[in-house]
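Chain by chain, the residues run as shown.
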Amino acid sequence: MKKEEFAKLLQQDAQNTPLPPVLRKRTLNAIDGKENPIVKKKISVSLAVALAMLLICSVALAVATQAGILDFAGRYAGSYVPENAADYVQKGEIILENEVFTATLREQYYDGRVARLIMDFTPKGDQVLFIGADNWGDDSWQDLISLNYADMDQTDKRSIQDVMSEYQAAYQCGFIAIAAENDRDLGGTGDYFLNPETGVLTVYDQTEFAENKENREVTIRASAFPAYIQEGEFILDWENAVRSEIVLPLAAVIPETKAYESVEPVVFSSIGVQVDRLLIEVKPQEIFATLDFSIIDEEAYAKLKDGLWFEFIDPNSTETEAWKQQLASGLTGSAGVSTVSDGKFQQHETLGLNELHDTYTLRAYSEWTKERFETHELVMKPVE
């Protein structure tokens with residue numbers, strides 16, 4: 001199957017069948033439309049609207065050791081990684097196995113809202129190549145085998161397709177956390193790293209759920225799609241995918257969640273919108289911010305062409321560039337806006353754990369034109 005055909009099939013199948021990470025994502029753009037020249041991988045989300053963010057590669061990653069959750073989480077410009085973040089990562093080995101791979105679920109984090117999981121795919125046969133769920137034949141080989149740009153051999157210009165001839169077989173691998181029927185997830189992000197010496201593909205998956213639950217069950221589905229070269233083209237064999245799955249119980253690392261809210265309506269008259277509520281939930285590794293807003297002036301709001309976003313900013317910032325005035329973001333690194341009902345919307349994102357404040361300053365801006373509008377302050381109170 002060719003890339004274009006595969007993409008169409010994914011769109012048709014996504015409504016009925018949960019798929020590996022790449023099948024439920026779209027690429028994040030750079031903040032304010034500026035491309036980052038050192039972005040290593042495409043990190044994507046299946047949210048209604050993605051908040052534009054930059055990837056950075058300043059985190060020191062040890063290639064010689066197994067990559068873990070914190071080698072992937074928090075790799076965004078402006079994100080804050082708490083010093084004790086590793087204290088909440090659970091380690092252990094849960095095995096999924098079939099004739100193609102042994103998949104080891106090695107690390108997990110769950111806080112009631114977000115699940116972060118690390119899985120190692122080890123090939124059963126000799127000379128078998130595993131590639132990431134986002135990979136295609138023309139992708140860089142160095143991108144696949146490097147955790148960051150500092151590790152890349154800039155003289156190696158080979159693509160994955162160029163290297164596949166050195167192997168007897170190749171598979172595109174990934175996994176997904178599938179919510180129960182009475183549950184709902186907001187999508188996720190993923191990343192991967194192949195250790196060329198061991199042949200082990202490490203896959204990272206992060207899934208955000210719509211509601212807080214101290215305990216929930218998810219189905220972990222690991223998949224491998226045969227890949228090969230035919231007449232010079234990279235082909236992915238969707239019909240002969242090999243899958244294994246298990247039911248995984250998730251328990252929040254800290255049962256209680258401290259929460260604060262602002263429920264006094266705040267009007268942004270220039271854009272015809274009213275902020276109805278801001279909910280701040282403090283988790284072990286980050287803060288979740290949920291903002292409910294509604295349209296009060298259809299004509300004013302229409303000018304934004306559904307591109308409205310509210311920035312959390314530091315009112316005392318001396319930065320001249322608007323995006324640098326934003327508060328630190330959390331490890332999740334994704335955000336979105338969803339429609340609650342006619343004329344009512346909900347924005348959700350994460351803030352750094354160091355950004356717990358008595359008041360928050362919101363600034364409205366257009367995702368399309370990058371124009372900034374008015375700012376207002378919201379006073380927080382503990383949720384009773």
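The rules behind each value
Residues numbered from 1 in each chain as written. Predicted model: local features only at pLDDT ≥ 70, side-chain atom pairs only at ≥ 80, totals over all residues. Heavy atoms only, no water. Patch = residues over 30% accessible without salt bridge, like charges linked within 9 Å, V, L, I, M, F, W, Y side chains within 5 Å. Areas by Shrake-Rupley, 256 points an atom, 1.4 Å probe, with all protein chains shown as cover. Salt bridge = Lys/Arg side-chain N within 4 Å of Asp/Glu carboxyl O. Lys, Arg positive; Asp, Glu negative; His and termini not counted. Charge placed at Lys NZ, Arg CZ, Asp CG, Glu CD. Helix = DSSP H or I, 4+ residues; strand = E, 2+ residues; numbered from the N terminus. Buried < 20%, exposed > 50% of the residue type's maximum accessible area, 1.4 Å probe, protein only. Pairing = 2+ DSSP bridges. Axes fitted to C-alpha atoms, helices over the stretch in contact; angles between N-to-C directions. Contact = heavy atoms within 4.5 Å.

What am I meant to see in a negative patch on the surface here?
Taken together, the side chains of Asp297, Glu298, Glu299 and Asp342 present a region of like negative charge at the surface. If you trace the backbone, Asp342 turns up in the loop between β18 (336-341) and β19 (344-351). The exposure class of Asp342 is exposed, given its relative accessible area of 79%.

Help me understand the pairing of strand β21 (residues 372-379) in this model?
Both strand β20 (residues 359-366) and β21 contribute to a ladder of 6 bridges, which runs antiparallel. Within the sheet, the bridge partner assigned to Thr359 lies in β21 and is Val379. Counting the residues in the hairpin turn of β20 and β21 gives 5 residues, including Lys370, whose phi is positive at 65 degrees.

Quick question: what am I supposed to make of the sheet that holds strand β17 (residues 308-313) here?
Pairing between sheet strands relies on hydrogen bonds along the backbone, with the strands arranged either parallel or antiparallel. Judged by pairing direction, the sheet is antiparallel, and its 3 strands sit side by side in the order β17-β20-β21 without closing on themselves. Strand pairing shows two members of the sheet lacking a second neighbour, β17 and β21, which therefore form its edges. Geometrically, the sheet is characterised by an average inter-axis angle of 30 degrees between neighbouring strands, direction not taken into account.

Teacher, can you tell me more about the sheet that holds strand β9 (residues 200-209) here?
Strand order in this open sheet of 5 strands is β3-β4-β5-β9-β8, and the pairing throughout is antiparallel. Because the sheet does not close on itself, it has two edges, and the strands there are β3 (90-97) and β8 (185-195). With direction set aside, neighbouring strand axes in the sheet form an average angle of 20 degrees. One ladder, built from 8 bridges, connects strand β5 (residues 114-123) with β9; its direction is antiparallel. When the bridges of β9 are listed, Met119 appears paired with Val203.

Where do I start with the pattern of salt bridges in this structure?
Opposite charge on two side chains permits pairing when their charged atoms draw close. Under the definition given, this model contains 14 salt bridges. Two residues, Arg216 and Asp183, come together in a salt bridge whose shortest N-O distance is 2.7 Å. Here Arg216 is found in strand β10 (residues 215-230), whereas its partner Asp183 is found in the loop between β7 (169-179) and β8, with 33 residues between them in sequence. As far as the burial class goes, Arg216 and Asp183 line up, both buried.

Just to check I follow, could you spell out the environment of Ala85 for this structure?
Locating Ala85 in the fold gives a position in the loop between β2 (44-45) and β3. The buried category is assigned to Ala85, whose relative accessible area is 0%. As a C-alpha pair, Ala85 and Pro284 span 199 residues in sequence and 7.5 Å in three-dimensional space. Other than its neighbours up to four places away in sequence, Ala85 contacts Leu70 and Gln285.

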